[in-house]
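Chain by chain, the residues:
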Amino acid sequence: MNENVNIVFVLQGLNDSVTNRQIYFAFALMSYLITILVNLTLILTVCLDKALHQPMYIFMCNLCFTGLCGASSFYMKLLLDLLAGAHLITYTGCLTQVFFTHVYILCQMTSLTVMAYDRYLAICQPLRYWALMTGQKVALLLLLTWCLSLLETFVGILLIVRLSFCSHRMARIFCTNWEVFKLSCSDTTANNFYGMVIIILHTLQIIIILVSYMHLIRSAARSQTDRRKFVQTFSPHLASLLVFSISVLFDSLYSRYGGSSMAALQNALSAEFLVVPPIVNPIIYGMNLHHIRIRIRLWFTTEKPQRAFSK
């Protein structure tokens, strides 16, 4: 560990961006600012309106907040590298980026599971919903989401800290768990085993989500009211799950099996899970949830709330 502290990794993924550095910087900065804008707009909309202080909207804010944290861990370093002549990251900086990236991934997956459970109770057990989804229950689910994600990530970081490295050149534009493993000359059996445990745990979460979907579809087929609730709340959740899962899957496949051809394009696509979900999620929920749309519209118009809600 003491020897590793002095290590500086070279991020080679940005080598092809030297000639168009200003264009890439402008595009990355614009994308980051849009991410901040859409997420903060949705979070503030819910926080400032007591009528939206409901479990579904609170869980949605948590999803947006984790997306904002994940995007920031990527964009802040990327923007600095695009301005710098050398694309370097210290050992401590690399571990920090890995930590926040993995907290983001794990927290997003757990948040989507909690949101699926919330929708299951709201649509399949509407008469018992408020008795089951109390304020204490909401706080407990949020606490479990963050504690589980932080614990899983912290254990993974401890397993990385014990590794020694044979190379300091990383063929990516940011640090990831797998890229650090590939540079190690230590035995990574424990790391691989722990990775499998994490995959199994979060595969179980996906199964829970799919089971809740089956109950939601069955309930929606029996009732016109449930069908409307299903379309309004299920669609954005499914879209968020698909966007996030496909993005993470692409990054995992690229990290393990990606070749050296079209490296710039592959590096850009490998960061999709840190770029696309944080922008898409608040837009999806803002467009599909009626009360969110109205409240956001009221921010930019002079229309009175009573008139807007009467429409």
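Residues numbered from 1 in each chain as written. Predicted model: local features only at pLDDT ≥ 70, side-chain atom pairs only at ≥ 80, totals over all residues. Heavy atoms only, no water.

J.: Provide a residue-level description of the overall build of the protein, including the pertinent values.
T.: In terms of regular secondary structure, the protein is built from 12 helices and three strands. Looking at the protein as a whole, 46% of its 311 residues qualify as buried. Summed over all atoms, the accessible surface of the protein reaches about 15800 Å², with 70% contributed by carbon and sulfur. (Helix = DSSP H or I, 4+ residues; strand = E, 2+ residues; numbered from the N terminus. Buried < 20%, exposed > 50% of the residue type's maximum accessible area, 1.4 Å probe, protein only. Areas by Shrake-Rupley, 256 points an atom, 1.4 Å probe, with all protein chains shown as cover.)

J.: So what's going on with the side chain of Asn62? Which residues, and what values?
T.: Along the chain, Asn62 falls in helix α2 (residues 55–83). At 2.8 Å, the side chain of Asn62 and the side chain of Trp146 are in polar contact. Contacts of Asn62, omitting those with residues within four sequence positions, involve Ser111, Leu142, Thr145 and Trp146. (Polar contact = N/O pair within 3.5 Å; in protein donor to acceptor, adjacent residues only side chain to side chain. Contact = heavy atoms within 4.5 Å.)

J.: Hey, could you go over the pairing of strand β1 (residues 8–11) for me, with residue numbers and the actual values?
T.: Because side chains alternate across β1, one face comprises the buried residues Phe9 and Leu11, and the other comprises Val8 and Val10, none of which is buried. In this sheet, strand β2 (residues 88–90) lies alongside β1 in antiparallel orientation, the contact comprising three bridges. Bridged to Phe9 within β2 is Ile89. Of the strand pairs in this sheet, β1 and strand β3 (residues 169–170) are connected by two bridges, and their pairing is parallel. Bridging from a neighbouring strand, Val10 pairs with Arg169 of β3. (Pairing = 2+ DSSP bridges.)

J.: I'd like a rundown of the pattern of salt bridges, residues and numbers included.
T.: Considering all chains together, one arrives at four salt bridges under this definition. As a salt-bridge pair, Asp81 and Lys77 come within 2.9 Å of each other at their nearest N and O atoms. Note that Asp81 and Lys77 are positioned in helix α2 at a spacing of four residues, about one turn of the helix. Of the residues examined, Asp81 reaches a relative accessible area of 2% and is grouped as buried. Judged by relative accessible area, which is 18%, Lys77 ranks as buried. A salt bridge links Glu179 to Lys182, with the shortest nitrogen-to-oxygen separation between them at 3.1 Å. Of this pair, Glu179 and Lys182 are both found in helix α6 (residues 177–183), three residues apart, which corresponds to roughly one turn of the helix. Its relative accessible area of 5% is what places Glu179 among the buried residues. Sharing partners across several salt bridges, the network here consists of Arg172, Glu179 and Lys182. (Salt bridge = Lys/Arg side-chain N within 4 Å of Asp/Glu carboxyl O.)

Nothing here speaks to function; it is all geometry.
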